[in-house]
Amino acid sequence: MTRVGMLAVFSLAASSATGQTVSRYQRQVDSLTLAWRGAQSALEANLEEQRVTLALRDTLAVGPLHIMVSPRRRALAQRVAVGALASLSSSYGTSLTLLGRNTFAVRDVTASDGDGVDSTYVLVSEVVGGAQAFRQVVLPDSAIVTTALRMAMLRALARSLDAPPRQWLSATDLPFDTLRAPDWTNARLQLLSSGAAVGQRCYNEDIRACRLALLLDESADPFVDLYDAAERRGLVERMEESGYHRWQGRSPTGCTAGDDGECIAALRGLGTMPHPIRSTHRRELVQVAMAIGGAGAMQRFLSTRGGIDARIQSAAGVPTDSVVHAWIGRVRGGRKPSDDMSPAIAGFSLAWTLVFGAMALRSSRWR
Amino acid sequence: MALTPVRWITLAIALCGVALVVTLREGTPANRERNQDDYRLRANIAGSHLSNAAERLRTAQLIDSVRSALPVGTDSSRYIIARNVPPVAAGVVHDLMRDISRGRPRTPRVPTDVVFIVDTGSAVPGTTRLWYNGAVRTDYAVSRDVGGRCLVVVRLSLRYTNQRWLYNALLSADARRRLLGPCGFVESFGLPSRSIRTWLDSRDWDVALTSLATTANPPWNPPVPWFENTFLGAWSMDFRVRRATSLTGYACAAGSLGDCDVVLLDGNRRVGAREARLWEDSLVSPTWGLDMNDRDYLWYWFAPELGPRGSTLLSEIARSLGHDAFQRFWLSERSVETAFREQAGVSLSEWVVGWARRMYASPHRGPGTPPTGMAMGLIFAAVSVGAALARAARRQIS
């Protein structure tokens with residue numbers, strides 16, 4: 001096979017094309033462009049009619065919130081703003097005054113459904129410098145609009161955090177409530193299947209391992225502290241499959257043959273590290289601090305200056321290690337028994353057997 | 001009250017009636033506020049036609065332009081890197097071509113040119129060119145003339161040329177297998193016979209998109225999407241295969257030879273998602289870019305007849321028959337079915353059933369009961385019948 005060097009050909013102007021096929025497609029494109037423009041103009045004229053009705057706006061103030069509303073959604077906006085503030089005030093307390101700097105919107109919007117049908121919905125958004133920092137289009141139902149507005153508020157509050165705790169949370173919003181039992185079941189499964197040895201050690205109630213896994217402590221040598229040899233080899237093999245090292249010009253063949261030193265060197269060369277456990281666990285930790293700290297917990301979390309350790313301690317009112325201990329306790333308590341066979345299934349099976357047996361015994365002889 | 005046969009039957013009919021009423025009852029359809037649909041539908045349809053035509057125009061221009069700019073042909077295959085490909089990408093391309101050269105013939109029967117370019121094209125005014133179906137697109141111009149060449153145009157999306165994952169994707173095993181596409185076959189085995197070509201044309205060359213088969217294509221074993229992975233249990237492999245194939249394709253994979261005949265040999269069939277389009281008689285454009293194949297959850301909503309491994313069919317046939325036997329099949333003027341049977345000793349459908357077992361972990365036909373469930377059911381039934389028999393044996397007939 002021959003390699004023909006670099007070719008300076010690709011100024012793909014239509015004029016360079018001479019084929020009959022190209023001309024035919026060019027004519028098709030020209031004619032379709034006209035048809036498309038016509039259809040687009042008709043659509044825009046129709047949309048403009050709708051916009052005239054929808055663009056009417058009013059301003060509403062509820063507590064610290066400033067909300068731009070469509071006139072016909074004013075009552076709905078009032079109701080949902082009161083509801084959203086009430087649901088957050090216990091935990092977030094006076095921090096909600098921070099929202100006075102933000103502008104939210106609750107207004108009508110016409111959106112196209114999947115099948116090309118347009119329907120009127122409610123747009124909940126946060127307006128920052130004329131642009132929408134958050135935008136959710138929902139059904140005009142009080143409960144749904146309240147949830148969307150609360151999410152917009154929690155996002156705005158998350159942005160009020162300094163960069164380090166915001167990055168630590170890896171979330172665009174702050175938690176609204178503590179976790180329910182099924183969420184802990186999920187958390188347990190995720191921690192146990194994290195693919196990092198530190199996750200398993202943490203599950204076995206090694207608080208130092210939990211602090212490393214939750215990024216509360218910084219590791220001097222993360223690939224050694226967080227992963228074991230088999231996991232390191234697995235990480236390198238996955239990178240090999242994607243061609244990463246070949247692109248880098250070096251292939252750690254010794255690692256795949258079992259040389260852990262080479263695996264460590266290859267991983268250190270990455271310059272970045274995959275998080276050992278999911279970021280959702282860090283959010284769970286904050287939710288445990290919320291539960292322990294009770295009223296005003298998130299207010300203290302937001303107002304405390306300093307690192308994430310100090311914020312969690314302040315929110316919970318107990319040392320961070322106690323919160324970590326409580327968190328891992330909840331995770332371990334998330335065990336869910338197998339539902340392959342439950343007492344209910346066994347009971348129903350036996351009951352049906354008895355019913356059919358009894359009916360068989362009542363049956364006359366078929367002769 | 002004794003349950004006489006008449007009462008049994010009456011009871012059964014009554015319960016069936018209740019079941020029918022419960023299961024067939026339909027809810028009231030919800031009224032929805034409707035307006036503008038005609039306007040938007042018309043604009044969407046016009047936009048879609050325009051976008052497709054513009055993409056074909058671009059590809060046709062590209063192939064025309066490449067052909068006119070290429071140096072006069074030699075007897076060997078070549079690869080060409082356009083000047084607008086960044087140096088780091090060019091390095092990856094050299095690596096890639098060196099890798100795949102091991103599986104290519106020294107003396108090609110139909111010389112193949114592989115051309116790498118960065119696609120700088122913008123959208124037709126008013127439409128969006130999302131590249132959502134891949135950042136490394138390939139198109140194949142498969143010559144129909146003796147003495148012609150096969151052309152592979154590889155387009156890297158300008159938007160992603162500084163992204164590391166793009167180059168990782170280019171060096172992946174999947175990209176190496178798929179890069180040459182149909183050209184890999186004509187390069188190794190020459191132009192197909194009229195009979196084979198008609199067969200391939202009728203199915204848009206969808207079974208020939210993977211050509212380099214020095215090693216076996218791995219079985220399909222995709223992850224279940226996170227949004228379907230609940231505590232009610234992950235999807236079984238059977239269910240994933242059902243989702244990723246057409247109904248007839250699934251029946252074929254599960255061992256139905258008649259369904260395999262329909263899927264493989266019915267030239268007028270257009271069922272399931274299409275892996276590629278044949279247009280202008282000799283241009284084959286795969287639906288997905290090299291970086292999209294076998295990735296993520298594509299299978300969840302894109303189901304070609306023979307599933308995600310359908311495009312490997314011909315390369316697996318070539319690998320299992322061996323070079324000479326496959327060449328005889330490829331050049332045979334007899335019908336596809338006869339030509340295949342002559343070389344493989346089994347019918348194409350029988351061979352495909354074996355292939356599907358390997359690729360899709362032996363899917364099962366029809367609804368199934370797990371062995372433990374069946375055993376439990378039989379035990380309960382046996383106990384109940386035994387108890388009834390024992391009781392009945394002691395009954396006195398009054």
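Attention in this report is confined to the structure presented alongside it. (Residues numbered from 1 in each chain as written. Chains lettered and ligands numbered in written order. Predicted model: local features only at pLDDT ≥ 70, side-chain atom pairs only at ≥ 80, totals over all residues. Heavy atoms only, no water.)

**A word on the pairing of strand β3 (residues 65-69) of chain A**
Residue and element names in this part refer to chain A. Side chains Leu-65, Ile-67 and Val-69 of β3 all project onto a buried face; the interleaved residues His-66 and Met-68 project onto a face where none is buried. Judged from the 5 bridges that link them, strand β2 (residues 58-62) and β3 form a sheet pairing that is antiparallel. Within the sheet, the bridge partner assigned to Val-62 lies in β3 and is Leu-65. The hairpin turn running from β2 into β3, its antiparallel successor, is 2 residues long, and Gly-63 in that turn takes a positive phi close to 55°. (Buried < 20%, exposed > 50% of the residue type's maximum accessible area, 1.4 Å probe, protein only. Helix = DSSP H or I, 4+ residues; strand = E, 2+ residues; numbered from the N terminus. Pairing = 2+ DSSP bridges.)

**Topic: the packing of aromatic side chains**
The tally for this structure, following the rule as stated, stands at 16 aromatic pairs over all chains. Relative to Trp-301 of chain B, the ring of Trp-288 of chain B has its centre 5.6 Å away and its plane inclined at 75°; by these criteria the two rings are edge-to-face. Separated by 13 residues along the polypeptide, Trp-288 of chain B in the loop between β6 (283-286) and α11 (298-301) and Trp-301 of chain B in helix α11 bring together distant segments of the chain. On the accessibility criterion, Trp-288 of chain B (5% relative accessible area) is buried. Linked through ring pairs, Phe-185, Phe-189, Phe-326, Phe-329, Trp-330, Phe-340 and Trp-351 of chain B together constitute an aromatic cluster. Seen from the ring of Phe-176 of chain A, Arg-150 of chain A lies directly overhead, with NZ or CZ sitting 3.7 Å from the centre. (Phe/Tyr/Trp six-rings, centres within 6.5 Å; stacked < 30°, edge-to-face > 60°. Lys NZ or Arg CZ within 6 Å of the ring centre and 35° of its normal.)

**A look at the nonpolar core**
Counting 109 residues, the largest nonpolar core has Leu-314, Phe-326 and Trp-330 of chain B as its most contacted members. If near-sequence neighbours (up to four positions away) are discounted, Leu-314 of chain B is found in contact with Phe-185, Trp-199, Leu-200, Val-207, Ala-208, Phe-326, Phe-329 and Trp-330 of chain B. Grouped together as the second largest cluster of nonpolar side chains are 77 residues, Leu-99, Val-145, Val-286 and Ile-308 of chain A included. (Core = buried A, V, L, I, M, F, W, Y, C linked by side-chain atoms within 4.5 Å. Contact = heavy atoms within 4.5 Å.)

**Section: the pattern of salt bridges**
Pairing is possible between side chains of opposite charge, provided their charged atoms come close. Within this structure, the stated rule accounts for 33 salt bridges over all chains. A salt bridge links Glu-280 of chain B to Arg-24 of chain A; its shortest N-O distance comes to 2.8 Å. Linking Glu-280 of chain B in the loop between β5 (276-279) and β6 with Arg-24 of chain A in helix α1 (residues 20-54), this pair reaches from one chain into another. Connected through shared salt-bridge partners, Glu-55, Arg-58, Asp-119, Asp-139 and Arg-155 of chain B make up one network. (Salt bridge = Lys/Arg side-chain N within 4 Å of Asp/Glu carboxyl O.)

**Focus: a nonpolar patch on the surface**
A cluster of nonpolar side chains, Phe-348, Trp-352, Val-355 and Phe-356 of chain A, forms an exposed patch at the surface whose accessible area comes to about 460 Å². Counting through the fold element by element, Trp-352 of chain A comes out in helix α17 (residues 343-362). (Patch = residues over 30% accessible without salt bridge, like charges linked within 9 Å, V, L, I, M, F, W, Y side chains within 5 Å. Areas by Shrake-Rupley, 256 points an atom, 1.4 Å probe, with all protein chains shown as cover.)

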